[in-house]
Amino acid sequence: MSELIGLLVFGLAIGSIYSLVAIGFSMIYRATGLLHFAHPDLMMMGGMIGYTLATRTRLPMPFLFVLSGLAVAGLSWLIDRFGLRPMRRQGALLNLIIATIGWGIILVNVALFVWGTAPLSYPQTYLPKGRVIAGIVIVPQNLVMLGVGLVAMVLLQLFFTRTVVGQALRATAESPVAAQLMGIRVERMMTLTFLLSGFLAGGAGVLVASIVYANFDLGLIGIKSFAAAVLGGFGQVGGAMVGGLVLGLVETIGAFYVSSAYKDILAYTLLIVILLVRPQGLLGAGRTRPDG
Amino acid sequence: MTVSWLRRFWTPASVATIAILAAVPVLLAHSPYHLFLVNTIAVFAMLALGLQLVLGYGGILQLGYAGFFGLGAYTSAILTVHHGWPFAAAFVAAMAVAVGGAVLMSPIVRLRDVNFAMATFVFGLILELVYNQWSAMTNGPIGFRGIPAPTVFGMTVLEPQHYYYLLFAALLAEYILIFRLLHSPFGTALRAMRENETACRTSGVDVTRMKVTLLLVSSAIAGAAGSLLAHMNGFVSPPTFGWATSVAVLMMVVLGGVRSLPGAIVGAAVIRIVVEQTSVLGQHSNIVFGVALVLFMAFLPTGLAGLTGGLAARAPWRA
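Here goes a summary of the coordinates provided. (Residues numbered from 1 in each chain as written. Chains lettered and ligands numbered in written order. Predicted model: local features only at pLDDT ≥ 70, side-chain atom pairs only at ≥ 80, totals over all residues. Heavy atoms only, no water.)

**Description of the overall build of chain B**
When you go through chain B residue by residue, the secondary structure sums to 16 helices and 2 strands. Its C-alpha atoms give chain B a radius of gyration of 19 Å, near enough to 20 Å, the size a compact globule of 319 residues would have. Referenced to the eigenvectors of the C-alpha coordinate spread, the extents of chain B come out at roughly 50 × 45 × 45 Å. Sequence-distant contacts, at least 24 apart, represent 76% of the contacts inside chain B between residues at least 6 apart. Total accessible area on chain B is roughly 13400 Å²; 68% of this is exposed by carbon and sulfur atoms. Taking the 15 positively charged and 8 negatively charged side chains of chain B as two groups, their mean positions are separated by 10 Å. (Helix = DSSP H or I, 4+ residues; strand = E, 2+ residues; numbered from the N terminus. Rg over C-alpha atoms; globule rule 2.2 N^0.38 Å. Contact = heavy atoms within 4.5 Å. Areas by Shrake-Rupley, 256 points an atom, 1.4 Å probe, with all protein chains shown as cover. Lys, Arg positive; Asp, Glu negative; His and termini not counted. Charge placed at Lys NZ, Arg CZ, Asp CG, Glu CD.)

**Side note on the interface of chain B and chain A**
Between chain B and chain A, the residue contacts involve 39 residues of the former and 39 residues of the latter. Of all residues in chain B, Val114(B), Met118(B) and Met297(B) bury the most surface against chain A, accounting for 18% of the area lost on that side. One can count 0 salt bridges joining chain B with chain A. Of all the secondary-structure elements, those providing two or more residues to the side of chain B that touches chain A are α6 (113-133), α12 (243-256) and α14 (286-299) of chain B. Grouping the amino acids of the side of chain B that touches chain A by side-chain chemistry returns 30 nonpolar, 7 polar and 2 charged. (Buried area = accessible area lost by both parts, 1.4 Å probe. Salt bridge = Lys/Arg side-chain N within 4 Å of Asp/Glu carboxyl O. Nonpolar A, V, L, I, M, F, W, Y, C, P; charged D, E, K, R; others polar.)

**What to know about the packing of helix α5 (residues 87-105) of chain B against helix α11 (residues 207-233) of chain B**
Residue and element names in this part refer to chain B. The contact between α5 and α11 brings their axes to 8 Å, and the two run at 140°. One finds that α5 runs oblique with respect to α11. Here α5 and α11 pass one another in a crossing that is right-handed. Residues Phe87, Phe91, Ala94, Met95, Ala98, Val99, Ala102, Val103 and Met105 of α5 lie in contact with α11, whose contacting residues are Leu215, Leu216, Ser219, Ala220, Gly223, Ala224, Ser227, Leu228 and His231. Of the residues contributing to the contact of α5 with α11, the split by class is 14 nonpolar, 4 polar and no charged. (Axes fitted to C-alpha atoms, helices over the stretch in contact; angles between N-to-C directions. Parallel < 35°, antiparallel > 145°, perpendicular 65-115°, else oblique. Left-handed = near helix turned anticlockwise from the far one by under 90°.)

**Some thoughts on unusual backbone geometry**
Positioned with a positive phi, Arg58(A) is a non-glycine residue whose angle comes to about 55°. Tracing the backbone shows Arg58(A) in the loop between α2 (39-57) and α3 (61-88). Look at Asn139(B): it is not a glycine, yet its phi comes out positive at around 65°. Overall, Asn139(B) belongs to the partly exposed group, its relative accessible area being 36%. (Buried < 20%, exposed > 50% of the residue type's maximum accessible area, 1.4 Å probe, protein only.)

**Remarks on empty space enclosed by the protein**
Residues and elements named next belong to chain B. With the rule as written, the count across this model stands at 3 cavities of 30 Å³ or more. The computed volume of the largest cavity comes to approximately 40 Å³. Looking at the largest cavity, the residues that line it are Leu63, Gly64, Gly67, Phe121, Gly124, Leu125, Phe241, Gly242, Trp243 and Ser246. Secondary-structure elements contributing two or more residues to the lining of the largest cavity are α6 and α12. (1 Å grid on protein atoms, 1.4 Å probe; cavity = no way out; pocket = protein on both sides within 12 Å on 5 of 7 lines; lining within 4 Å. Points joined across faces, edges and corners; volume = space filled by probe spheres on them.)

**Looking at a nonpolar patch on the surface**
Residue and element names in this part refer to chain A. Taken together, the side chains of Phe63, Val66, Leu67 and Leu70 present a nonpolar region at the surface, about 360 Å² in accessible area. Counting through the fold element by element, Val66 comes out in helix α3. Residue class for Val66 comes out partly exposed when judged on its relative accessible area of 38%. (Patch = residues over 30% accessible without salt bridge, like charges linked within 9 Å, V, L, I, M, F, W, Y side chains within 5 Å.)

**With respect to the pattern of salt bridges**
All names here are of chain A. Following the criterion strictly, the structure yields 6 salt bridges over all chains and no others. The partner of Lys224 in a salt bridge is Glu251, and the shortest N-O contact between them spans 3.2 Å. Here Lys224 is found in helix α9 (residues 219-231), whereas its partner Glu251 is found in helix α10 (residues 237-257), with 27 residues between them in sequence. Given a relative accessible area of 4%, Glu251 falls into the buried group.

**Observations concerning the environment of Gly263(B)**
All names here are of chain B. Within the element layout of this structure, Gly263 appears in helix α13 (residues 261-278). Taking the C-alpha atoms as reference points, Gly263 and Ile20, separated by 243 residues in sequence, lie 17 Å from one another. Every residue in contact with Gly263, bar those within four places of it in the chain, is listed here: Met252 and Gly256.

**Regarding helix α9 (residues 185-195) of chain B**
One turn of the α-helix equals 3.6 residues, which is why residues spaced by three or four share an orientation. Residues and elements named next belong to chain B. Turning to α9, its buried residues number three or more, namely Phe186, Gly187, Ala189, Leu190 and Met193. For α9, the buried positions fall inside an angular range of 160° around the axis, keeping them on one side. Along α9, exposed side chains directed more than 90 degrees from the buried face belong to Pro185 and Glu195. Buried residues along α9 sit against α3 (32-57), α8 (160-182), α10 (197-202) and α11. (Arc of directions from axis to C-beta.)

**Looking at the side chain of Thr138(B)**
Residues and elements named next belong to chain B. With respect to the helices, strands and loops of the structure, Thr138 is situated in helix α7 (residues 135-138). Residue class for Thr138 comes out buried when judged on its relative accessible area of 3%. At a separation of 3.1 Å, a polar atom in the side chain of Thr138 contacts the main-chain amide nitrogen of Gly140. Setting aside chain neighbours within four positions, we find Thr138 in contact with Tyr74, Val130, Tyr131, Gly143 and Phe144. (Polar contact = N/O pair within 3.5 Å; in protein donor to acceptor, adjacent residues only side chain to side chain.)

Laid out in structure tokens, this is it:
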């Protein structure tokens, strides 16, 4: 029983990471129709920048989250502004997707160049020891991860539903043309989409790198957030959040009861099945997108 | 009908190219390193042509292509080493297994554009994971050793210059197959599908079936290339069949021009040579790919074949 609770906490914690990355991924997809293959690598960059900040400044976790988030938001914006937007005008979606693959490779190599190949651990102060409370092993880091993740998601939900800018963003994601006709500056909203999704990816990178390691291949974990986005119906912010949490749980429990070697295969197979049978996602109503 | 595509294929340029390519081992007889490089290029040229069929002519993004390459390589390796199959049988089985994998993946053709690309990407990831994890069969990350040199018509193909002819024959056969396919009614329907899928469907073309056919044919090609690679190197390991290779092959197609058959071969040659040359850069050699992918997509989405635009438009190999 206590084991199961530990698993659930860990599953939700890793799931909240997937959620944060998946939200950005979904937002970009909805706003631009683009599969952003460099997005997981932006998460990786967040983890790396966070590592440098952590070793140099020893700032507490929330500060690391925000600062790395801001740095990666900048990167995300740069990629969009100079690497994608000029091409967006010409159309050809496949070309844009291929270009994002190129950006992913560039980011990985920049990370290799700056931080080298060895996995880097965050200083011990960020990794407090696990405690046993009422027979349950509580790893504080998981709680921090889950906490920061949930707070970020609640704030996002408020932002999207309660603020004018948030609603304009959602409108742009829903239909760029209609949004433009309503007087929303679509180009600006797209910029905001890339900034916000970069921020979330960067923050998520810090969270995940602090418990695993910071390394150039951290993007491999971020790739699973694609699965989370698909689970959530590829576009709804709420869906991406739930999708991430569900994926985290399924994968953690699957790894424990079935096989840890095959847990990634489990997650990916789930993704393909969902794409085929419920392209609208777990939460989605009967409506499917025309490209679903 | 048959005469027309043949007449298009046998032009002075194509005859000269084939003659030059056939003479390569003689020219490079004293340089095993270059022969090895040329052989590797030939394997990747097979892959590039196969991916081009799907991406360039079919207009669908298959991002897990290297996984099928791996299916062929591992099938051939396992059958010859563990079960004592002769090369020819293992080669056919390699193609069959790769096609089997594609059949397993084929339900995703119902998905459009982005979701399709995503599904192929994930399928590739799954295959790479299987190669890494299923140690009993694949020997995991350590790699699979001791794959024998193939025996064809009673002769064991050991020397690289002899192996070259095996690869050359396979590549030529593949090229002619694809050329033939593109100059058939299927090719016409393919062009219609790429231009406007809805209109094509409305005209009574079974688009789904065409896409499945493309996937199956391209996977068979990848399987064949995998088998040839395995027996050439005698050794295979999972990274060769993962995302990095899928991207490299994609890059070859993009570089050469997505709808130019010779372009794919040129792309394969350029990329392999760049990989060899930049291996002095060590881990950073990949950055060349990244930058090139972005630049090509931004400025030259039609690839090198686009540079020679006017010339290529009149060339006989244009489909």
